Amino acid sequence: MTGEASEVVLSKQDLREVTAFAAACAEAVLEIFEADQPDDPRPRDAVGAAREFAQGGERGKSLRDTASAALKAAKSADTAAAREAAWAAMAAAGAAYLHPLAKATQVKHILGAGAYAARAAELAAGDDRSVGAEHLERTVHRATSVVVDVLTRFPAAPGGGGRVGELTRMLDADLRSLTLTE
């Protein structure tokens, strides 16, 4: 059939590495959400569930439930920065559900938490794009060789998506360039 994506081979360890990376990205901006909503543990719970999976836990109800709860927490945030930080946590829990389809849209499962976290940092700094760029640089250093390898099995990140989409594409390009120098 025309237009069908081919399959990407992903091991459970690949998914764990991607999820650990996403959790580290989201964890870096949890304080932004918690400053806005100090009594709401949902984003932190999502990052915790992602870490649990990354360290050998099962991919199941806890991940789905905490990702959904982090999404709801984003809706209750008072600031745009806190909303983006909660979305980073949601994306971290969702990273475990990277689909083995060679579609550009799957790249957001790998890089979404990092892009949302960079946007949260930008917004917390008064929409300072240099802060986002610095955050992406730190994110690149968090990526393991397995994360980069998994990323390169997929097409480049798609267009669109506003500023978070732009940050995703920047992060995608930066990580893919690592394979040229290693």
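These figures come from a predicted structure and were not determined experimentally. (Residues numbered from 1 in each chain as written. Predicted model: local features only at pLDDT ≥ 70, side-chain atom pairs only at ≥ 80, totals over all residues. Heavy atoms only, no water.)

Caption draft 1: Molecular detail of the overall build of the protein. Per the secondary structure count, the protein includes 9 helices and 0 strands. Over its C-alpha atoms the protein spans a radius of gyration of 15 Å, differing by no more than 12% from the 16 Å that the globule rule assigns to 182 residues. Expressed along its principal axes, the backbone C-alpha trace of the protein runs to roughly 45 × 35 × 35 Å. At a minimum sequence separation of 6, the contacts of the protein that also span at least 24 residues come to 75%. (Helix = DSSP H or I, 4+ residues; strand = E, 2+ residues; numbered from the N terminus. Rg over C-alpha atoms; globule rule 2.2 N^0.38 Å. Contact = heavy atoms within 4.5 Å.)

Caption draft 2: Summary view of the pattern of salt bridges. For the structure on display, the rule yields 14 salt bridges. Of the charged contacts in the structure, one is a salt bridge between Arg83 and Glu84, with a shortest N-O distance of 4.0 Å. Between Asp149 and Arg153 there is a salt bridge; the shortest N-O distance is 2.5 Å. One salt-bridge network, held together by shared partners, links Arg119, Glu122, Asp127, Arg129, Arg163 and Glu166. (Salt bridge = Lys/Arg side-chain N within 4 Å of Asp/Glu carboxyl O.)

Caption draft 3: Geometry of the environment of Ala22. Mapped onto the elements, Ala22 comes out in helix H1 (residues 12-27). For Ala22, a relative accessible area of 0% puts it in the buried group. Beyond its immediate sequence surroundings of up to four residues, Ala22 is in contact with Ala92, Ala95 and Ala113. (Buried < 20%, exposed > 50% of the residue type's maximum accessible area, 1.4 Å probe, protein only.)

Caption draft 4: Just helix H6 (residues 107-124), in detail. The terminal C-alpha atoms of H6, which comprises 18 residues, lie 25 Å apart, in line with the 26 Å expected from a rise of 1.5 Å per residue. Maximum bend of H6: about 35°, positioned at Ala113. A positive phi of about 75° marks Gly126, the residue just after H6. (Expected span 1.5 Å × (residues − 1). Bend = angle between axes of the 7 residues up to and from the residue.)

Caption draft 5: Highlighting the side chain of Glu84. Here Glu84 is to be found in helix H5 (residues 80-94). For Glu84, a relative accessible area of 6% gives the class buried. Sequence-distant contacts of Glu84, that is, excluding residues within four places in its chain, are made with Tyr116, Arg119, Ala120, Leu123 and Val164.

Caption draft 6: Examining H5 more closely. End to end, H5 covers 21 Å across 15 residues, agreeing with the expected 21 Å (1.5 Å per residue, within 8%). Within H5, 11 of the 15 residues are buried, which leaves the element mostly enclosed by the surrounding structure. Among all positions in H5, only Ala81, Ala82, Glu84, Ala85, Ala86, Ala88, Ala89, Ala91, Ala92, Ala93 and Gly94 are buried.

Caption draft 7: Highlighting the nonpolar core. Ranked by size, the top nonpolar core spans 59 residues in total, and within it Ile110, Leu111, Phe154 and Leu175 carry the most contacts. Discounting residues that sit within four places of it in the chain, Ile110 has contacts with Val18, Phe21, Leu98, Val147, Val150, Leu151 and Phe154. (Core = buried A, V, L, I, M, F, W, Y, C linked by side-chain atoms within 4.5 Å.)

Caption draft 8: Quick look at unusual backbone geometry. In this model, Asp127 sits at a positive phi of 65°, which is unusual for a non-glycine residue. One can find Asp127 in the loop between H6 and helix H7 (129-142).

Caption draft 9: Geometry of a negative patch on the surface. Taken together, the side chains of Asp128, Glu134, Glu137 and Asp174 make up a negatively charged region of the molecular surface. The exposure class of Asp174 is partly exposed, given its relative accessible area of 35%. (Patch = residues over 30% accessible without salt bridge, like charges linked within 9 Å, V, L, I, M, F, W, Y side chains within 5 Å. Areas by Shrake-Rupley, 256 points an atom, 1.4 Å probe, with all protein chains shown as cover. Lys, Arg positive; Asp, Glu negative; His and termini not counted. Charge placed at Lys NZ, Arg CZ, Asp CG, Glu CD.)

Caption draft 10: Highlighting the side chain of His135. Tracing the backbone shows His135 in helix H7. Looking at His135, the relative accessible area reads 3%, which means it is buried. When sequence neighbours within four positions are dropped, the list of residues in contact with His135 reads Ala28, Val29, Gly114, Ala117, Ala118 and Ala121.

Caption draft 11: Structural context of the packing of H1 against helix H8 (residues 145-152). Following both chains from N to C, one finds H1 and H8 inclined at 110°, their axes separated by 9 Å at the closest point. Considered as vectors, H1 and H8 are oriented roughly perpendicular to each other. Only Val146, Val147 and Val150 of H8 make contact with H1, whose side of the interface consists of Asp14, Glu17, Val18 and Phe21. For the contact of H1 with H8, a count of residues per class yields 5 nonpolar, no polar and 2 charged. (Axes fitted to C-alpha atoms, helices over the stretch in contact; angles between N-to-C directions. Parallel < 35°, antiparallel > 145°, perpendicular 65-115°, else oblique. Nonpolar A, V, L, I, M, F, W, Y, C, P; charged D, E, K, R; others polar.)

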